[in-house]
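# Observations on chain architecture
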Amino acid sequence: MNKLVQPLLRLTGWPRRAALAGLGALAALALPPLYVLPALLPAFAGFLLVLNKTGCRKGAFAAGWWFGFGFFTLGLYWISNALLIDAARFIWFIPFSLFGLSALLGVFTGLAALLSWHVCRQGFGAALSLSACWSLHEWLRSFVMTGFPWNPIASVWTVSDELLQADAWLGPYGLGFLTVLGASGWILFWTEKAKFRLAAFLPLLLLALLGVAGMVRLQDAKDEMVDNVRLRLVQPNIEQSLKWKQELRFSHLVKLIEMSLSEAGLAPTHVIWAETAVPYLLDSDVQARLAVAKAAPENGLVITGAVRTSTEQDRPFQIWNSLQALDRNGAIRGVFDKFHLVPFGEYMPLKNILPLKKITEGSTDFSPGPGPLTIDLPGLPPVGPLICYEVIFPGAVADPARRPGWLLNLTNDSWYGYSTGPFQHFAQTRMRAVEEGLPLVRVANSGISGIIDAYGRVRAKLELNRVGILDSPLPKPLSEPPLYAALGDGPCIAALVILLIVLKFMLCHTRFSTVQQRGSG
């Protein structure tokens, strides 16, 4: 094994940087939808070995930055697809979105590598240190600069319903810690002394045991459905480049209504459309409201995404990316405004400095609403609405003051075409369902739409870039919230910080003892 890793360790300059970026990209192959899990082993093991042999702080940060640059470039390449919708205006920005975002996020992995290098770079302690720092960087990434916790490493386990259950107990950062530890620590079996060899495979054994525990949990799972609720999810698959064309707006609305009124399948009690499915201002356009209301079942609702505007003339003009629920009479029975907005898509950060416009329609920035919230809609259990990428934030999708009975995610991933992005987005919705112990219904303009139960299992779905409707009952939530939903990230983050302190203390103590022994000799 030493013969295989020595060429990697001897690299310097740009070959070394390219190798680290390649290792990061290799790790990204394990993410949804590819799930090349074996790629994690050489990726993180190689990263650990290079980091351990780095001789200075600057080199440690650079190693982490280059690894993260490769990881995020391959994992997030699909974001650039959104700029092709209006290529004439935004194609020049693709290099900045493709490499600039990866460079920015690489700062997090660079700091994680620097901290890990500073704490410990010897034996199994180095693997523990790297794994803890990786999870801490993912946690920080969930809220620093508004947060972007896309592609947590734990999402690789959405390939397995059984292992995904560990997310209910450990959360994404605890499960991510074990994942990186298992992927990096095994290399110590060949490169370290015999006393470390058993420890090298313990994380992989723990992951296997968690899979067994998840299997037992699923065997005891109850497949109960909410009484008298039949949902119809409508996926029209309207191309983003055509969605807001003035001459096509009415035909888009007619398509949604006709699909909603289809006699195929069971008669629904509630019809659900995607984010901004309605290309009209329902709060001020009575005719549009009455047209949408035709899709509502008798004594039921049509729930749709639509842009909402301020109606008070004495206040500044505002717009919100909203969910609105209408009854058969066209009355709006519930409203929810998106609270976590997408930079550059829904508002322009630093707009006084950056001479850029947001890539969505219109020149006015969206305003955030309050959230997360639990709202009441007639005929349904209390619901926690989430619009678009609000669903990717662990521990921040359910109202802490009032636990909902289910989560509803309206989104529009047609910006990104047939790419890994929509699959990654769908995988993260499954993680939130497991963490909260709540069923999650996802409706996307172009897919992937689906019904996910409280164990993260996909009960039914409409594939990406397909036109269709999906009729399904609504699964029930767990009677009690899982451990992660009850405790949040606090215990895991505290444990990781304590682990790093203990590792640093043990290393300092070992060095002090060695110096004393040499002095005595």
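Quick summary incoming for the structure in this document. Everything quoted here is computed from the prediction, not taken from an experiment.

Criteria and thresholds
Residues numbered from 1 in each chain as written. Predicted model: local features only at pLDDT ≥ 70, side-chain atom pairs only at ≥ 80, totals over all residues. Heavy atoms only, no water. Helix = DSSP H or I, 4+ residues; strand = E, 2+ residues; numbered from the N terminus. Rg over C-alpha atoms; globule rule 2.2 N^0.38 Å. Buried < 20%, exposed > 50% of the residue type's maximum accessible area, 1.4 Å probe, protein only. Contact = heavy atoms within 4.5 Å. Areas by Shrake-Rupley, 256 points an atom, 1.4 Å probe, with all protein chains shown as cover. Pairing = 2+ DSSP bridges. Axes fitted to C-alpha atoms, helices over the stretch in contact; angles between N-to-C directions. Phe/Tyr/Trp six-rings, centres within 6.5 Å; stacked < 30°, edge-to-face > 60°. Lys NZ or Arg CZ within 6 Å of the ring centre and 35° of its normal. Disulfide = S-S within 2.5 Å. Left-handed = near helix turned anticlockwise from the far one by under 90°. Nonpolar A, V, L, I, M, F, W, Y, C, P; charged D, E, K, R; others polar. Polar contact = N/O pair within 3.5 Å; in protein donor to acceptor, adjacent residues only side chain to side chain. Expected span 1.5 Å × (residues − 1). Bend = angle between axes of the 7 residues up to and from the residue. Lys, Arg positive; Asp, Glu negative; His and termini not counted. Salt bridge = Lys/Arg side-chain N within 4 Å of Asp/Glu carboxyl O.

### A few points about the overall build of the protein
Along the protein, the regular secondary structure elements total 17 helices and eleven strands. Relative to the 2.2 N^0.38 estimate, which gives 24 Å for 521 residues, the radius of gyration of the protein is 25 Å and therefore close to what a compact globule would have. Over its C-alpha atoms, taken along the principal directions, the protein stretches across nearly 90 × 55 × 40 Å. Sorting the 521 residues of the protein into buried and exposed places 56% on the buried side. A sequence separation of at least 24 residues applies to 71% of the contacts in the protein between residues at least 6 apart. With the model as given, the accessible surface of the protein reaches about 22,300 Å², and the carbon-plus-sulfur share is 62%.

### Looking at the sheet that holds strand β2 (residues 270-272)
Across the sheet, which stays open at both edges, the six strands sit in the order β5-β4-β3-β2-β1-β11 with mixed pairing between neighbours. Because the sheet does not close on itself, it has two edges, and the strands there are β5 (332-337) and β11 (468-475). The average undirected angle you get between the axes of adjacent strands in this sheet is 30 degrees. With three bridges joining them, strand β1 (residues 225-235) and β2 adopt parallel strand pairing. Among the inter-strand pairings, Leu231 is bridged to a residue of β2, identified as His270.

### Here we look at the packing of aromatic side chains
By the definition in use, this model includes 19 aromatic pairs. Their ring planes at 80 degrees and their centres at 4.9 Å tell us that Trp78 and Tyr416 sit as a pair that is edge-to-face. Pair noted here: Trp78 is in the loop between α4 (57-75) and α5 (87-90) and Tyr416 is in the loop between β7 (406-411) and α15 (420-436), with a separation of 338 residues, a long-range link. The exposure class assigned to Trp78 is buried, which follows from its relative accessible area of 3%. Summarising the aromatic geometry, the rings of Tyr418 and Phe423 are spaced 5.7 Å apart at their centres and angled 75 degrees between planes, so their arrangement reads as edge-to-face. Three or more aromatic residues joined by ring pairs make a cluster, and in this case those are Phe44, Phe47, Phe67, Phe71, Phe72 and Trp134. Lying across the ring of Trp14, Arg17 places its NZ or CZ 4.5 Å from the centre. The lysine or arginine in question, Arg121, covers the ring of Trp117, its NZ or CZ lying 3.9 Å from the ring centre.

### A few points about the state of the cysteines
All chains considered together, the criterion is met by zero disulfides. There is no disulfide at Cys56, and the cysteine sulfur nearest it, in Cys133, is 17 Å away. Residue class for Cys56 comes out partly exposed when judged on its relative accessible area of 39%.

### Section: the packing of helix α6 (residues 94-119) against helix α7 (residues 123-141)
At a minimum axis distance of 8 Å, the contact between α6 and α7 shows a crossing angle of 150 degrees. Both α6 and α7 take part in a crossing whose hand is right-handed. Judged by residue contacts, Leu105, Phe108, Thr109, Ala112, Leu115, Ser116 and Val119 of α6 engage Ala126, Ser129, Leu130, Cys133, Trp134, His137, Leu140 and Arg141 from α7. Among the residues forming the contact of α6 with α7, the class breakdown is ten nonpolar, four polar and one charged.

### Some remarks on the environment of Asn445
The residue Asn445 is located in the loop between β8 (440-444) and β9 (449-452) in this model. Note: C-alpha distance between Asn445 and Glu162 (283 residues apart in sequence) is 30 Å. Residues within four places of Asn445 in sequence aside, it is in contact with Gln235, Pro236, Asn237, Ile238, Ala274, Thr411, Asn412 and Ser414. Of note is the side chain of Asn445, whose polar atom sits 2.9 Å from the backbone oxygen of Ile238.

### Some details on the pairing of β1
In terms of strand pairing, β1 meets β11 through seven bridges, oriented antiparallel. Residue pairing for β11: Val234 is matched across the bridge by Ile469.

### Some remarks on helix α9 (residues 166-185)
Between its first and last C-alpha, α9 extends only 20 Å over 20 residues, short of the 28 Å set by a 1.5 Å rise per residue. Taken as a whole, α9 carries its principal kink of about 85 degrees at Pro172. Of all 20 residues in α9, 18 are buried, a share of seventy percent or more.

### Observations regarding the sheet that holds β8
Judged by pairing direction, the sheet is mixed, and its five strands sit side by side in the order β6-β7-β8-β9-β10 without closing on themselves. The two strands at the open ends of the sheet, each matched to only one other strand, are β6 (383-387) and β10 (458-462). Here the average twist between neighbouring strands, direction ignored, is 10 degrees. Of the strand pairs in this sheet, β9 and β10 are connected by four bridges, and their pairing is antiparallel. In the strand pairing of β10, Ile452 is matched with Val458. Across the face of the sheet, α15 comes into contact with β7, β8, β9 and β10 while running at roughly 160 degrees to β8.

### Overview of the side chain of Arg217
One can find Arg217 in helix α11 (residues 197-219). Asp453 is the oppositely charged side chain nearest to the buried, salt-bridge-free Arg217, at an N-O distance of 8.1 Å. When neighbours within four sequence positions are excluded, Arg217 is seen to be in contact with Gln165, Ala168, Trp169, Tyr455, Leu478 and Pro482.

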